[in-house]
Amino acid sequence: MSRGSTLLRWVGALIAGLVVFGAFVLANGADPFAVYADIWTSTLTQPGQFQQIVLRAAPIALAGLAVVVPARAGLVNVGGEGQLIIGAVAAAGVALWLTPVASPWLVMLLMVLAAIVAGAAWAGIAAAMRLVVKVNEAVTTLLLNYVALYSMLFLILGPWKDPAALGQSTSVELNDAMKLPVFAGTAIHVGVALAVVAAGAVWFALSRTTWGFRLSVVGGNAEAARRAGLPVVTLLLTALLIGGALAGLAGFIQLAGMEYKLRPTFGLTIGYVAFLASWLSRHKPLPLLIASLVLAAIAVSGNSLQIGSGLPAASVNILMGLVLLAVLGWTSPRKVRS
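Predicted, not measured: the structure shown is a model, and the values here were computed from it. Positions within a chain are numbered from 1, following the residues in the order the chain's sequence is written. Since the coordinates come from a predicted model, pLDDT governs what is reported: local features require at least 70, and pairs of side-chain atoms require 80 or more to be given and counted, while whole-chain, interface and lining totals use all residues. Heavy atoms throughout the structure, all of them, feed into the side-chain values; hydrogens and water do not.

Enquirer: Help me out: how do you make sense of helix H10 (residues 232-259) in this one?
Expert: Along an α-helix, residues three or four apart share an orientation, since each turn contains 3.6 residues. Under the DSSP-based scheme used, a helix requires at least four consecutive residues in state H or I and a strand at least two consecutive residues in state E, with every element numbered from the N terminus. Multiplying one less than the number of residues by 1.5 Å gives the expected span of a helix. Between the first and last C-alpha of H10 there are 39 Å, a value that for 28 residues agrees with the 40 Å anticipated at 1.5 Å per step. The rule is simple: take the accessible area with a 1.4 Å probe, protein chains only, and divide by the maximum for that residue type; under 20% is buried, over 50% is exposed, in between is partly exposed. For H10, the buried fraction is high: 21 of the 28 residues fall into the buried class. Downstream of H10 by one or two residues, Tyr260 has phi in the positive range, about 70°.

Structure (structure tokens):
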């Protein structure tokens, strides 16, 4: 398929998704053209909105990489949401316990390490169940999302509840020294640069190293890889562990760069949106950055839909799903029939 033909298929798929969403908008009594105009102006022309999109995209990209790496080995990691939450819980715990007794930079470093280790360990549960008792990782990672959520709720409703929160269920807010620094003159924190570096590192690891090549072989045919002498179990385990570590890092960035405290809605749907972003980019690290920006822009437009058009803010989730289905369905390579 030529590049021009591929581009036309992508454009056609996006237009098809927008047309179907327009029909949904029309059925709910709103003007589709006014809605799209409102999305455009609210996300791309208002001051500061682009920075908000970039900030929203950073954890999406990192959690998306948590899907990309296992996918190269033929694994489906649906647990980015839970791994992100557990990473944030671990980072918040370190901040809670060590802030009074350690220097801010040491505490922040330990928060990063704790988030990475916790995310990897959470993914490791699913990896162990896949390798030991042959339970599909898509099922276990999805179910572990709920375990992670309710574990966080137990903490912020109980031992970690902020006594000054006046009825709200949150943890104590991070000290200013524990918050990610921002680039001069902007609201963009260094976590955004970290997400870009992580995407580049994953691209290099998957496309330029022996480990990445071996992952591709396992993902193509695990039995053939095993017969060729490749350490299939180790490769599958490392793929899920690294994916979980990246999602845990996303949890740290969301905590220290955006929300600053744990709450019942912490990181809501970031993991699931990241899963869509990975599939939208066909599990390629660098295109994932673009997909994350697109989905972040759609997510940011949710408030404008609710205010300007009277549609529920969650309507943007329908738009995300339609775009994903259209792109995957209409741009997949077709087999030539003989």
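This is not the end of the story, as more comes after the structure.
Enquirer: I tried to follow the environment of Ala126 on my own but got confused; where do I start?
Expert: Examined against the element boundaries, Ala126 turns out to sit in helix H5 (residues 104-132). When the C-alpha positions of Ala126 and Tyr272 are compared, they lie 17 Å apart, and in sequence the two are 146 residues distant. Once you skip the residues sitting within four places of it in the chain, Ala126 turns out to touch Thr140, Thr141, Leu144 and Leu240. Whether two residues are in contact is decided by their heavy atoms: any pair within 4.5 Å suffices.

Enquirer: For this particular structure, what's the right way to read the packing of helix H8 (residues 210-220) against H10?
Expert: Describing two packed helices takes the angle between their axes plus the distance from one axis to the other. Where H8 meets H10, the closest approach of the two axes is 10 Å, and the angle between their N-to-C directions is 105°. Judged by the angle between their axes, H8 and H10 are roughly perpendicular. For the pair H8 and H10, contact is made by Trp211, Arg214, Leu215 and Val218 and by Val232, Leu235, Leu236, Thr238, Ala239 and Ile242, respectively. Within the contact of H8 with H10, the residues separate by chemical class into 8 nonpolar, 1 polar and 1 charged. Note on geometry: axes are lines fitted to C-alpha atoms, helical ones only across the stretch in contact, with angles between N-to-C directions running from 0 to 180 degrees. These descriptions rest on fixed angle ranges, namely under 35 degrees for roughly parallel, over 145 for roughly antiparallel, 65 to 115 for roughly perpendicular, and the rest for oblique. Throughout this entry, Asp, Glu, Lys and Arg are counted as charged residues, while Ala, Val, Leu, Ile, Met, Phe, Trp, Tyr, Cys and Pro are counted as nonpolar. The remaining residues, Gly among them, count as polar.

Enquirer: Would you explain the pattern of salt bridges in this entry?
Expert: Side chains that differ in charge, positive against negative, can pair when their charged atoms come close. One speaks of a salt bridge when a side-chain nitrogen belonging to Lys or Arg is within 4 Å of a carboxyl oxygen belonging to Asp or Glu. Under the defined criterion, the tally for this structure stands at 7 salt bridges. With a shortest N-O distance of 2.6 Å, Arg130 and Glu137 are connected by a salt bridge. According to the relative accessible area criterion, Arg130 is partly exposed, its value standing at 27%. Salt bridges linked by common partners bring Glu173, Asp176, Lys179 and Lys261 together as one network.

Enquirer: I keep staring at the packing of aromatic side chains and nothing clicks. Help me out?
Expert: Both the distance between ring centres and the angle between the ring planes are used here to describe each pair of aromatic rings. The rule is short: rings of Phe, Tyr and Trp, with Trp giving its six-membered ring, pair when the centres are within 6.5 Å, and they are stacked under 30 degrees, edge-to-face over 60, tilted in between. Tallied over the entire structure, the rule returns 4 aromatic pairs. Aromatic side chains Phe21 and Tyr36 sit 6.3 Å apart centroid to centroid with 50° between the ring planes, which places their arrangement in the tilted category. Taken together, the positions of Phe21 in helix H1 (residues 3-27) and Tyr36 in helix H2 (residues 32-45) put the pair 15 residues apart, joining distant regions of the chain. Residue classification places Phe21 among the buried positions, given a relative accessible area of 0%. Note on Tyr36: relative accessible area 24%, which makes it partly exposed. Ring centres of Phe275 and Trp279 lie 6.2 Å apart, and the angle between their planes is 55°; this geometry places the pair in the tilted category. Here Phe275 and its partner Trp279 are both found in helix H11 (residues 270-280), 4 residues apart, which amounts to about one turn of the helix. Through a chain of ring-to-ring contacts, the aromatic side chains of Phe21, Phe24 and Tyr36 assemble into a single cluster. By definition, being over a ring means that NZ of Lys or CZ of Arg is both within 6 Å of the ring centre and within 35 degrees of the ring normal. Over the face of the ring belonging to Tyr260 we find Lys179, whose NZ or CZ atom lies 4.4 Å from the ring centre.

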